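Survey of secondary and tertiary structure
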Amino acid sequence: MSEHIPMRVAVVGATGFQGGAVARLLAGRGHRVRTLSRRPEGDRPPLPGIACALGDLARAEDVRALFEGATHAAVTMPLVYDEGLVAAYARNIAAAARETGLRRLVFNANTRVPAAATGVAAFDTRRLAEEILRGSGVPLVVVRPPVYLDNLFSPWNGPALVNDGVLAYPLPAHTPVAWLSHDDLAEAVHAALTAEGAVGRVFDIGGARTLTGDELAAAFQRGLGRSVRYVPLEPAVFEQGLAEVLGAKAAAGVAGIYHHMASDADPHLMAGDDGTSARLLPTRPGPVEDWVARRPWQMWAQAGASTS
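Fair warning: this is a prediction, and the values are worked out from it, not measured in the lab.

Attention now moves to the overall build of the protein chain. Of the regular secondary structure elements, the protein chain holds eleven helices and nine strands. Taking 2.2 N^0.38 as the reference for a compact globule, 308 residues should give roughly 19 Å; the C-alpha atoms of the protein chain span a radius of gyration of 19 Å, in line with that estimate. Projected onto the principal axes, the alpha-carbon positions of the protein chain cover approximately 60 × 40 × 40 Å. Taken over 308 residues, the protein chain has a buried fraction of 52%. Long-range pairs, those at least 24 residues apart, make up 75% of the contacts in the protein chain between residues at least 6 apart in sequence. Carbon and sulfur atoms make up 52% of the accessible area of the protein chain, which amounts to about 13,900 Å² in all. Averaging the positions of the 29 positive and the 31 negative side-chain charges in the protein chain gives two centres separated by 6 Å.

So, about the packing of helix H2 (residues 60-67) against helix H3 (residues 83-99). Their axes nearest at 9 Å, the elements H2 and H3 cross at an angle of 40°. In terms of orientation, H2 lies oblique with respect to H3. Crossing of H2 over H3 shows right-handed handedness. Counted together, Ala60, Val63, Arg64 and Phe67 of H2 and Asn92, Ile93, Ala96, Ala97 and Glu99 of H3 form the full contact between these two elements.

Once that is clear, we can look at the pairing of strand E2 (residues 32-37). Where strand E1 (residues 8-12) and E2 come together, three bridges link them in parallel fashion. Looking at the pairing, alanine 10 lines up with arginine 34 of E2. As a crossover connection, the stretch from E1 through helix H1 (residues 17-28) into E2 is right-handed. Of the strand pairs in this sheet, E2 and strand E3 (residues 50-54) are connected by five bridges, and their pairing is parallel. Within E3, the position partnered with arginine 34 by the bridge is alanine 51.

Moving on, we get to the pattern of salt bridges. Counted according to the given criterion, the structure contains ten salt bridges. A salt bridge links arginine 127 to aspartate 124, with the nearest nitrogen and oxygen atoms 3.0 Å apart. Here aspartate 124 and arginine 127 lie together in helix H4 (residues 121-135), a separation of three residues that amounts to about one turn. For the pair shown, arginine 127 and aspartate 124 are each scored as buried. In this structure, arginine 134 and glutamate 130 form a salt bridge, with 3.5 Å as the shortest nitrogen-oxygen distance.

Let us look at a nonpolar patch on the surface. On the surface, a nonpolar cluster with roughly 390 Å² of combined accessible area is contributed by Leu79, Trp156, Val245 and Leu246. Checked against the element boundaries, leucine 246 lands in helix H8 (residues 235-246).

As a rule of thumb, soluble globular proteins bury nonpolar side chains together. Judged by nonpolar contacts, the single largest core of 35 residues is most densely connected at Leu171, Trp179, Leu216 and Phe220. Those elements that provide at least two residues to this core are H4, strand E7 (166-169), helix H7 (213-224), H8, helix H9 (248-262) and helix H11 (288-294). Looking at which element gives the most residues to this core, the answer is H9, with six residues. Those residues within four positions of leucine 171 in sequence are excluded, and the remaining contacts are Val147, Val177, Trp179, Tyr230, Pro232, Leu233, Tyr258 and Met261.

What follows deals with the environment of glycine 16. If you trace the backbone, glycine 16 turns up in the loop between E1 and H1. With 28 residues separating them along the chain, glycine 16 and arginine 44 place their C-alpha atoms 9.4 Å apart.

Basis of the calculations
- Residues numbered from 1 in each chain as written.
- Predicted model: local features only at pLDDT ≥ 70, side-chain atom pairs only at ≥ 80, totals over all residues.
- Heavy atoms only, no water.
- Helix = DSSP H or I, 4+ residues; strand = E, 2+ residues; numbered from the N terminus.
- Rg over C-alpha atoms; globule rule 2.2 N^0.38 Å.
- Buried < 20%, exposed > 50% of the residue type's maximum accessible area, 1.4 Å probe, protein only.
- Contact = heavy atoms within 4.5 Å.
- Areas by Shrake-Rupley, 256 points an atom, 1.4 Å probe, with all protein chains shown as cover.
- Lys, Arg positive; Asp, Glu negative; His and termini not counted.
- Charge placed at Lys NZ, Arg CZ, Asp CG, Glu CD.
- Axes fitted to C-alpha atoms, helices over the stretch in contact; angles between N-to-C directions.
- Parallel < 35°, antiparallel > 145°, perpendicular 65-115°, else oblique.
- Left-handed = near helix turned anticlockwise from the far one by under 90°.
- Pairing = 2+ DSSP bridges.
- Right-handed = clockwise from strand over helix to strand, strands pointing away.
- Salt bridge = Lys/Arg side-chain N within 4 Å of Asp/Glu carboxyl O.
- Patch = residues over 30% accessible without salt bridge, like charges linked within 9 Å, V, L, I, M, F, W, Y side chains within 5 Å.
- Core = buried A, V, L, I, M, F, W, Y, C linked by side-chain atoms within 4.5 Å.

Below, the structure written as C-alpha cells:
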C-alpha cells in the first residue's frame with residue numbers, strides 16, 4: 001500500500017510514550033487514527049486529531065470496536081508483564097484483527113527479544129504475544145526496538161547531565177546499543193505499515209549507530225557542547241527508583257531487561273543489525289548528537305544539581 005493513501009489506523013497504546021509518538025506521526029501525515037484507554041478523558045495526555053474511546057484490552061468487545069472499520073493497526077503493549085494478561089490482550093487483538101479483515105498489523109515488541117526463552121518476563125511475554133498474533137493469520141510485521149534515547153531526557157538524567165556532565169544508565173559501559181528515539185520508532189512503524197515485502201518479517205530496528213557507554217557519552221558531549229562521562233548504574237538501584245513511579249510490578253518487569261543485560265548472557269542483543277532494517281523498511285534514523293541538540297536540556301539547569 002502506498003504511504004500516500006490515507007489509512008484508518010487503530011493504535012493500541014497511543015496514551016503511552018511509544019504508541020503516542022506513533023499516533024501523532026500518523027495523524028500528522030493525514031491518516032485517521034483512533035485508540036482506546038482505560039483512563040477517563042480528563043486523565044489522558046492530549047492527543048490532537050486522534051479519536052480515543054474508553055475501553056480495556058482485556059475486554060474483547062472493546063478491542064473489536066476499536067478495530068471496526070480500521071484498515072491497519074499499530075500495537076504497543078502496556079507495561080504489563082503477567083503472562084496470562086498479556087496472552088489475553090494478544091488473543092483479543094488477534095481476534096479483532098482477523099474478524100475485521102485488517103490489512104496489516106504492526107506489533108512493537110517494546111524491546112529486542114532473545115532467540116530462546118530466558119525467564120525474563122519482559123522478553124518472554126513479548127515473544128508470547130508475537131506467537132499469538134502470528135498464529136492468527138493476520139498480516140503481521142514485528143518491530144523490536146533496543147533502548148530509547150527518550151529514557152535519558154527525564155528528571156532522573158537531565159539534571160545530572162546538564163549540571164554535572166554525568167550520564168548514568170543501567171547498562172554496562174562496554175555493552176553495544178543501537179539507541180533509538182521515539183520519533184525514529186514512529187518512522188519505523190509507519191514504514192512497516194506501508195512497505196512492500198514487510199509482512200511476515202521481524203525487524204530489529206535501531207538508531208544510526210551502535211554505541212558503547214563511552215561512545216554514547218561522546219555523542220551527548222557533542223550535542224550538549226560540554227564534557228559528559230558515562231556511569232553504569234546498578235540495575236537494582238534503577239529498579240528501586242522506577243518503582244516509585246511505575247509501582248513494584250511494572251518496575252520489576254522493565255528492570256528485568258537490564259538485569260539480563262548486566263549478566264552479559266547476550267551482550268549484543270541491543271546492538272544494530274548492520275542497517276538491514278533501515279534499508280528494507282526503509283528508514284533513516286538520525287545521529288544521537290542531533291537528537292540531543294534538539295532537546296531543551298536547560299529546563300534542568302541547576303535543578304537537582306550537586307550540592308557537594
